[in-house]
Every structure is written in structure tokens, then in C-alpha cells.
Amino acid sequence: MTVSISKAKATPAAPSAGRLRPLGLREITLKPGFWQQRQDTNSTATLAHIEHWLERTGWLGNFDAAAEGRLPGARTGREFSDTEIYKLLEAMAWEVGRTGDSVLEERYRAIVRRVAAAQEPDGYLNTNFGRPGQAPRYSDLEWGHEIYSYGHLIQAGVARARATGPDELFQVAVRAADHVCEVFGPDGIASVCGHAEIEPALVELYRVTGEPRYLEQARLFVERRGNQVLADIEFGRSYFQDDVPVRQAEVLRGHAVRATYLAAGAVDVAVETGDAELLDALTRQWHTTVARRTYLTGGMGSRHQDEAFGEDFMLPPDRAYSETCASIGSVMFSWRLLLAHGDAVYADLIERTLFNVIATSPADDGRGFFYTNTLHQRVPGTEPAPDVLVPRAASSLRAPWFAVSCCPTNLARTYASLAAYLATVDDDGLQIHQYAAATIRTGRFGCEIDTSYPHEGRITVRITESPDTPWTLSLRVPHWATGATLDGRPVEPGWAHLNRRFSPGDIVVLELPMQPRITAPDPRIDAIRGCVAVERGPVVLCAESVDLPPGVDLNALRVLPHAEERDGAVVVTGRTVQPPVHGWPYGIAIEPSTTGTVDVPLRPYHRWARRGPSTMRVWLPLADGRTDQ
Ligand SMILES: [Zn+2]
């Protein structure tokens, strides 16, 4: 297998066709600011924290037990626990490629050796199936997660090949992919995995190796799903998107992580095979899902029972599941559509999701995480002990580790590769999608981006390298940024294009309006009718009980539809109300009486629950009960 590393971009998704081309981690780097601080925490604290928990829980030790013939007796963890090791390896691969950290490189290699030792001669690799005393291989495609696990293994191998070069892990991934193609190919088992994930991974392996067999296998998996190839289950086949073929579906449904991963992989297949019909179907599904099934934070999934999308407009804030992994899947899906179409709306949703879910989940020290991301916490939470594994996904405060711990490792790989989502190029020039202090050097275009966004709305782009001929610098103007200016001239939301001859030293200034905005919901979202939220720039704000005067209950607060900045904080005026007290919470025209007025400082939602247990809400009932739509 020959892999052309000189041409390989260190980037998570590298389509061979489409409107825009991604940059690699050697072309774009973060500078001190909002995102670099979080990337540093990921690098210096989270990776070691994850490694510690993978050893402590025995999930990494499962590979040693496999190699030493101690399975199934010695196995710990759920059926998909192998993937947490693969996602950690992917994160380490991006991180080593980005920083050249030799200590991390040694840690990475040590884990790779343990993984590689567990691979069977035919390429099979899973610690939960296939040995005497374990269920046979591929005997439980609905719940076994075997093919899903290969997906994460392959993504890790691809990350390493792109970030540093093909190595032992990459070879393990290729052997696993070949095995999948043999077992599930055109003449093999005509089914799919209950959890999509192999699809984007196989396409990426095709993009790295040029081997068409991997693309064909991904295409087969995408086409098979939706034809009831899996058994019916308690949650229905929509849970794993096996109810309707991908190209016929109208909206994302079922388990939100499965749905977004599948959609991302299906876009990859559509782009690489030139399947316009499939790409159109996925584009429509994205728009419908955003219009009807997405939280203000960008979070997806409102059903706890099956971690799934609800019906249209079923978006209760206090039952928001909004799994961190689903937001990462959403970014993967949006990013691929952005590369395919170049439309700024996809970058808008990525921004919303980054600032309001992906920045919300990790603790400041990088050693605790939200798995679910509620928009309304009714009772103060309980502080989990730093050394306790939390059995449930829903935790009221960030927890160190979960019995199902998919989110921490997913965050780790995302933060390690985050810079790749900031900008792209095409034949005409450079497009900047996400605003962060960063350095871009593509060899053709170069610039320094300086900003304290999202704290302030000024973004300064200083050109450092430029061809002698005119080219186009394109800056995304977010959909909320009415009144934005570029070099002092008004620009509309969407794309602001500057086409001219640039010289090193030229400076372009984008000013985005950062006044707080009152946001009203579509009235069909019954659960928040009569409420408003407040946003500032890309950041959703929330009210938290720790900011209220003693005795004021967040649940007995109504606000006026006006917000202003005062002393560096966004403040709304609230009226406290005295709810009726009787034994039956219904009656004719219950009108609580107003008992006082209070200023309520609002904080970024991503900062909530960082000052101890609290109650919190994003959607605030209006004092006069009016909806603004
Ligand atoms: Zn997760």
C-alpha cells in the first residue's frame, strides 16, 4: 500500500471533489485565545485523564487480555469500550502531528503496540466477540458495535497517516478494513452495523490510500441501511436509521449520534461517487433537521430513552438530551456539506455548536465532562467525586468518567484537530469560517488572524503571504450579525468577499455586532412558548441561581424582553412571582402575583455549573406571557 504523505493533509475529512478544500494542521494553527486555551487543556490534562481512566477501568487492559488469551474472563466494560482507546489514539495522533511532542509519541506507541497485539491473523479485532465463551463474531449486528469499532480504529489510523505518516496503527486499520470488505462485501453478509461510523471511516481510508474497495464498501453500507436489514428492536428500526433508505429519508431521526455519523459518511460517499441525488437528499435532511429538531445551542436529541431525535419541534429544554457526541456528529455532517457546497449556513451551525455544546461539556481543568447538555436544570446538582465512575449519562455537574464514556474521547479528538475547521481554500482564494486567533500559511495564501472573539466582535486579518495576482478573501458573516461591517462598509450575513490584489501587511477588519439579542422561539416548540433566550454574538446565555440574590428562586422568575450590557455582564430585568399554593397545579386563569423586581446577570451557557451546584435556565418566561412571534 503506497500512501502519498506529501500530498496528505493533516485534516479529518479530505474530499477529492467539492466547492471548498480543507486545510491541514500544518497550515493553520491556533494562537492564544478562546479555543487555544481549550485545546491546551485537552493536550495537557484531558489526554492523560482519559489514559488514566482507560487503564483504571481495564478497557485498555482488555487488549492485553486478548493477546494473552485471558478473555472473556478478564474483560471489563461495555461492548463498545475498545473504541474509547481508538478515539484516544486518534486524539494523540493529531496532537503529535500538531506539536511533535515526543513524550506523547511514546505514550501513543505504547498503546498502539497493545492494540496491535490483539489483532487476529485475519484482521479481526474486537475484545468482546469471537473467542470460546464469547458470542460468535457478527452474531449481534444490532447491538454488538463490532463494525462501529473498526470505524474508530480506521479513523485513528487515517489520522496518524495524515498527521505523521503510516505506522503500525495504520497497518492494523488497513488489515481491519480489508477484513470488513471480505466479510461484508458484495458476496458477504448483506447487512450493516447497528451503529453507523464505519461509513465515513472507510471513505477517508479510500481518500488516503486510493483503494476503491473501501469506497465501494462504504457505499454498500449506506445503500443497505434503511431496507430493514437489521432486526426490529424495542425502539424501532429508526433507532439505527434502518427504517427508510438514506436517499429517501426526509429528516434525521432515531439515535442522534448514529444519525449524524451516518449522514456524514453518506455525504462522503455521495461526494466521492458523484451521486448528486444522494447529496441532495442529505442536504434537504440537514435543513429540515436544523429547522425542526435542533436546540438553540445547536444540540441534537431530545429523547433520553433512546438518546434520539424527538418529533418535529419536540425540544423541551429540561429534557434536552443533546449528547456531546451528537454535537460532534453534527459538526462532522455540517463540515462535509460546507466543503461540498460552500454555503455559510453550515459554518453558522458549526459555530453555534462549538461555542454552546463542545465548549460547554469539558470542565475548566479538562478532567470532567457533560455527556448530556440540558438547557434547564431544575434542582441543584450533586458534585461527583473525582474518582467515581458515573453510571448514568445525565449528570447534574461535569463528571470524570462514565460507564458509557464516549463523549470525553470524542471531545479529545475534536479539540486536537479543531484548527482544521477554521478555514478552507478554493481556486479563487481563502475562506475563513470560524473566528479565532490563528496563523494560516498555505504556501499560497497566508495571514495572521487576531481577535478576542467571542468576547469582542472585532476580527483583524493581516495578510502575510499573497500571490501577485488578485484573489478573493472570503469572511463568513454569521446569520445573526445584522449591522456587521468590513473595513467600515456594511456587509450582509452570508459571505463577505474581497477580490483584489493583496500585499503582505494589508489589513482587513471585520466588525461583528455584539449587542445582546433577545431570541424568541418558533411557537410550535410548545415547551418554550412564552419564553425568550438571550444571545450575544455566537454565545447563548443563561440565568444561573448562583447569580441571584438570596431568596430569589430561578423557577419563579419572569423577565422583560430587553437585555443590556452593564459592567461587562449582560443583564435582564426580572420580576419575581409568587406561584399559587394549593394542592392542584391547574385551575382557571391562574395568574401569579408579582412580588418584586430583580436584575438578573446572564452568563454564557458554556460557563454554567462551573461555580458549584446551581439551577439554570436558557429559556426565560416573559413577564407578560407574550410570545414575540
Ligand atoms: Zn457520547
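Structure: above.
All residue numbers here refer to positions counted from 1 along the written sequence of the relevant chain. Predicted model: local features are reported for residues with pLDDT of at least 70 only, side-chain atom pairs are reported and counted for 80 or more only, and whole-chain, interface and lining totals are derived from all residues. With hydrogens and water stripped out, all remaining heavy atoms of the structure feed into the side-chain values.

Only runs of H or I of at least four residues qualify as helices and only runs of E of at least two qualify as strands under DSSP, and these elements are numbered from the N terminus. When helices and strands are counted, the protein shows 13 helices and 23 strands. The size measure is the radius of gyration over C-alpha atoms, and the globule rule it meets is 2.2 Å times the number of residues to the 0.38 power. For the protein, the C-alpha radius of gyration of 24 Å lies close to 25 Å, the compact-globule estimate for 629 residues. When its C-alpha atoms are laid out on the principal axes, the protein stretches across 75 × 70 × 45 Å. Of all 629 residues assigned to the protein, the portion counted as buried reaches 63%. Contact definition: two residues touch when any of their heavy atoms are within 4.5 Å. The long-range fraction of contacts in the protein, counting pairs at least 24 apart against all pairs at least 6 apart in sequence, stands at 67%. In this tally, Lys and Arg are treated as positive and Asp and Glu as negative; His is ignored, and so are the chain termini. Every charge is mapped to an atom, namely NZ of Lys, CZ of Arg, CG of Asp or CD of Glu. Here the protein carries 64 positive and 78 negative side-chain charges, and the mean point of each set is 2 Å from the other. Burial here depends on accessible area, computed with a 1.4 Å probe over protein chains only, as a share of the maximum for the residue type. Under 20% is buried, over 50% is exposed, and the range in between is partly exposed.

Lines fitted to the C-alpha atoms define the axes, with helices restricted to the stretch that makes contact. Angles between their N-to-C directions range from 0 to 180 degrees. Contact geometry of helix α10 (residues 276-292) with helix α12 (residues 344-358) gives a least axis separation of 12 Å together with a crossing angle of 45 degrees. Taken as axis vectors, α10 and α12 run oblique relative to one another. The handedness of the crossing between α10 and α12 is left-handed. On the side of α10, the interface is formed by T283, W286, H287 and V290, while α12 contributes V345, Y346 and L349. Put simply, angles under 35 degrees are roughly parallel, angles over 145 are roughly antiparallel, angles from 65 to 115 are roughly perpendicular, and the rest are oblique. Left-handed describes a crossing whose near helix is turned anticlockwise from the far helix through less than a right angle; right-handed describes the clockwise counterpart.

The seven strands lie next to each other as β2-β8-β9-β10-β15-β12-β13, forming an open sheet whose pairing is antiparallel. Single-partner strands in this sheet number two, and they are β2 (28-30) and β13 (489-490). A strand pair is defined by DSSP finding two or more bridges across the two strands. As defined by bridge partners, strand β12 (residues 485-486) adjoins β13 across two bridges and the pair is classed as antiparallel. Considered in β13, the bridge of T485 is made with P490.

Bringing the coordination of the zinc ion into the picture now. Coordination here is defined by N, O and S atoms within 2.8 Å of the metal (3.2 Å for Na, K and Ca), and since water is not considered, a site can look incomplete. The coordination sphere of the zinc ion contains the protein donors E323 (OE), C325 (SG), C406 (SG) and C407 (SG), at a distance range of 2.1 to 2.3 Å. Each of the four donor atoms around the zinc ion contributes to a set of angles spanning 94 to 120 degrees, which defines the coordination as tetrahedral. Judged by its relative accessible area of 2%, C325 falls in the buried class. Square planar and octahedral sites, with four and six donors, are those where opposite donors lie more than 155 degrees apart and all other angles lie between 65 and 115, tetrahedral sites have four donors with every angle between 85 and 135 degrees, and the rest are irregular.

What a helix should span is 1.5 Å times the count of its residues minus one. In this model, helix α9 (residues 256-273) (18 residues) spans 26 Å end to end at C-alpha, consistent with the 26 Å of a helix rising 1.5 Å per residue. For α9, a buried count of 17 out of 18 residues is recorded, marking the element as mostly surrounded by other parts of the structure. Of the residues trailing α9, G274 is marked for its positive phi of about 70 degrees.

Turning to the environment of A263, a few remarks are in order. Mapping A263 onto the fold places it in helix α9. Note on A263: relative accessible area 1%, which makes it buried. Sequence-distant contacts of A263, defined by excluding residues within four places in its chain, comprise L252, L282 and F333.

Attention now moves to the sheet that holds strand β1 (residues 21-22). What the five strands build is an open sheet, ordered β1-β6-β7-β11-β14; its pairing is mixed. Looking at strand neighbours, the two that pair on one side only are β1 and β14 (494-500), the edges of this open sheet. α12 rests against β11 (471-477) and β14 of the sheet, and its axis sits at about 50 degrees to β11.

Whether two aromatic rings pair depends on their centres lying within 6.5 Å, for rings of Phe, Tyr and Trp, where Trp uses its six-membered ring; planes under 30 degrees apart make the pair stacked, over 60 edge-to-face, and the rest tilted. For the coordinates displayed, the defined rule picks out 25 aromatic pairs. Summarising the aromatic geometry, the rings of Y138 and F184 are spaced 4.9 Å apart at their centres and angled 90 degrees between planes, so their arrangement reads as edge-to-face. Within this pair, whereas Y138 is found in the loop between α4 (102-117) and α5 (146-163), its partner F184 is found in helix α6 (residues 168-184), the two being separated by 46 residues in sequence. What links up through ring pairs into an aromatic cluster is the set F34, W35, F355, Y415, Y435 and Y453.

Each pair of packed helices can be summarised by the angle the axes make with each other and by the distance between the axes. Taken N-terminus to C-terminus, the directions of helix α1 (residues 34-56) and helix α3 (residues 82-99) make an angle of 145 degrees; their axes are 11 Å apart at the nearest point. Once α1 is placed against α3, the crossing between them reads as left-handed. Of the residues in α3, those touching α1 at Q39, N42, S43, L47, I50, E51 and L54 are E84, I85, L88, A91, M92, E95 and R98.

Our focus in this paragraph is the environment of G368. Along the polypeptide, G368 turns up in the loop between α12 and β3 (376-377). Along the chain, G368 and F402 lie 34 residues apart, while their C-alpha atoms are 10.0 Å from each other. Those residues in contact with G368, other than ones at most four positions away along the chain, are S361, P362, A363, R398, A399 and P400.

This brings us to unusual backbone geometry. Residue P72 follows L71 across a cis peptide bond; omega there is 5 degrees. When you line up the elements, P72 lands in the loop between α2 (61-67) and α3. Cis geometry is adopted by the peptide bond preceding P454, which originates at Y453 and carries an omega value of 10 degrees. Residue placement: P454 occurs in the loop between β9 (446-451) and β10 (458-465). Backbone geometry places Y138, a non-glycine residue, at a positive phi of 55 degrees. Despite not being glycine, A609 has its phi angle at roughly 65 degrees, a positive value. Relative to the helices and strands, A609 resides in the loop between β21 (593-604) and β22 (616-617). Classification of A609 as buried rests on a relative accessible area of 8%.

A separate point is the pairing of β11. β11 sits mainly inside the fold: seven of its seven residues count as buried. Burial of β11 is two-sided: the residues W471, L473, L475 and V477 facing one way and the residues T472, S474 and R476 facing the other way are all buried. Direction of pairing for strand β7 (residues 429-432) relative to β11: parallel, over a ladder of four bridges. When the bridges of β11 are listed, I432 appears paired with L475.

Let us now look at the side chain of E272. Tracing the sequence through the fold places E272 in helix α9. Here a polar contact is taken to be a pair of N or O atoms separated by no more than 3.5 Å, where protein atoms must pair a possible hydrogen donor with a possible acceptor and residues adjacent in sequence count only if both atoms sit in side chains. Only 2.5 Å separates the side chain of E272 from the side chain of S16, close enough to count as a polar contact. Contact partners of E272, with chain neighbours within four places excluded, come to P15, S16, V203, Y206, R207 and L215.

In the sections that follow, a salt bridge refers to a side-chain nitrogen of Lys or Arg positioned within 4 Å of a carboxyl oxygen of Asp or Glu. Counted under the stated rule, the structure contains 53 salt bridges. The closest approach of N and O atoms between R413 and E90, which form a salt bridge, is 2.9 Å. One end of the pair, R413, is in helix α13 (residues 406-416); the other, E90, is in helix α3, with 323 residues separating them in the sequence. Within this structure, R162, E204, R207, D268, E272 and R336 form a network of salt bridges that share partners.

In this section: the side chain of D268. If you trace the backbone, D268 turns up in helix α9. Once you skip the residues sitting within four places of it in the chain, D268 turns out to touch P200, V203, E204, R207 and R336.

Right, let's talk about the pairing of strand β19 (residues 557-566) for a bit. As paired strands, β19 and strand β20 (residues 569-578) are joined by seven bridges and run antiparallel to one another. Across the sheet, residue R558 finds its bridge partner in β20, namely R575. Two successive antiparallel strands, β19 and β20, enclose a turn made up of two residues, where D567 displays a positive phi of approximately 55 degrees.

Time to look at α13. Judged by how many residues are buried, α13 sits mostly within the fold: 11 of 11 residues are covered. Here α13 has its buried residues at C406, C407, P408, T409, N410, L411, A412, R413, T414, Y415 and A416.

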